Amino acid sequence: QVQLVESGGGLVQPGGSLRLSCAASGSIGVIDFRGWYRQAPGKQRELVASITSTGITNYKDSVKGRFTISRDNAKNTMYLQMNNLKPEDTAVYYCKFRSIDFQVYWGQGTQVTVSS
């Protein structure tokens, strides 16, 4: 049974920082894509940042320069460092892994609220 468990969300003031983690457990196989998505109330889920097995990263334009995605293969964990957070970053953040045989795994989501 594969599980992705996210942590690190919370309430932060504008300009603050948070670090999200996504830890995988179980027989997840070889992963070729890892991504962070977010979904704000009334909006569709959107891709925020992604990293491939070769380390190529991609970011949504609005988070470039503020968010950094990384991974620790030995720990089967992915991170999202979020700096200079803005109210519009408020959303539930989800992690997603995709294996080379196209199995897709999602985390349960972690709430990030940016408010003064």
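Before going into details, it helps to say that this report is about the structure given with it. Being a predicted model, the structure only gives us computed values, none of them experimental.

1. Description of the environment of Trp36
Topologically, Trp36 is positioned in strand β4 (residues 31-39). Residue class for Trp36 comes out buried when judged on its relative accessible area of 0%. Spatially, the C-alpha atoms of Trp36 and Lys96 are 6.4 Å apart, while their sequence positions differ by 60 residues. Polar contacts involving the side chain of Trp36 include one to the main-chain carbonyl oxygen of Tyr79, which spans 3.3 Å.

2. Description of the packing of aromatic side chains
In the structure shown here, the tally under the stated rule is one aromatic pair. Positioned over the ring face of Tyr79 is Arg19, at 4.0 Å from the centre of the ring. Over the ring of Phe97 we find Arg34, and its NZ or CZ is 5.1 Å from the ring centre.

3. A short note on unusual backbone geometry
Backbone geometry at Asn84 places phi at a positive 50°, although glycine is not the residue there. Tracing the chain through its elements places Asn84 in the loop between β8 (77-82) and β9 (91-99). Within the chain, Phe102 stands out as a residue other than glycine whose phi angle is a positive 70°. Looking at the secondary structure, you find Phe102 in the loop between β9 and β10 (104-106). Note on Phe102: relative accessible area 64%, which makes it exposed.

4. Considerations on the pattern of salt bridges
Summed over all chains, the structure comprises six salt bridges. Ionic pairing is found between Arg38 and Glu46, a salt bridge with its closest N-O pair at 2.8 Å. Relative accessible area serves as the criterion here: at 6%, Arg38 is assigned to the buried category. In this structure, Glu46 and Lys60 form a salt bridge, with 3.2 Å as the shortest nitrogen-oxygen distance. Note that Glu46 is positioned in strand β5 (residues 46-52) and Lys60 in the loop between β6 (57-59) and β7 (67-72), a separation of 14 residues in sequence. A relative accessible area of 28% places Lys60 in the partly exposed class.

5. Examining the side chain of Arg38
Here Arg38 shows up in strand β4. In terms of polar contacts, Arg38 uses its side chain to reach the side chain of Asp89, at 3.0 Å. Within the local environment of Arg38, its side chain forms a polar contact with the side chain of Tyr93, the two groups lying 3.0 Å apart.

6. Notes on the pairing of strand β11 (residues 110-114)
Across a regular strand the side chains alternate sides, sitting on one face of the sheet and then on the other. Residues Thr110, Val112 and Val114 line the buried face of β11, whereas the alternating positions Gln111 and Thr113 sit on a face that is not buried. Here three bridges tie strand β2 (residues 10-12) to β11, and the two strands are oriented parallel to one another. Directly across from Leu11, in β11, lies its bridge partner Thr113. When β9 meets β11, the two strands line up antiparallel, connected through three bridges.

Thresholds, definitions, all that
Residues numbered from 1 in each chain as written. Predicted model: local features only at pLDDT ≥ 70, side-chain atom pairs only at ≥ 80, totals over all residues. Heavy atoms only, no water. Helix = DSSP H or I, 4+ residues; strand = E, 2+ residues; numbered from the N terminus. Buried < 20%, exposed > 50% of the residue type's maximum accessible area, 1.4 Å probe, protein only. Polar contact = N/O pair within 3.5 Å; in protein donor to acceptor, adjacent residues only side chain to side chain. Phe/Tyr/Trp six-rings, centres within 6.5 Å; stacked < 30°, edge-to-face > 60°. Lys NZ or Arg CZ within 6 Å of the ring centre and 35° of its normal. Salt bridge = Lys/Arg side-chain N within 4 Å of Asp/Glu carboxyl O. Pairing = 2+ DSSP bridges.

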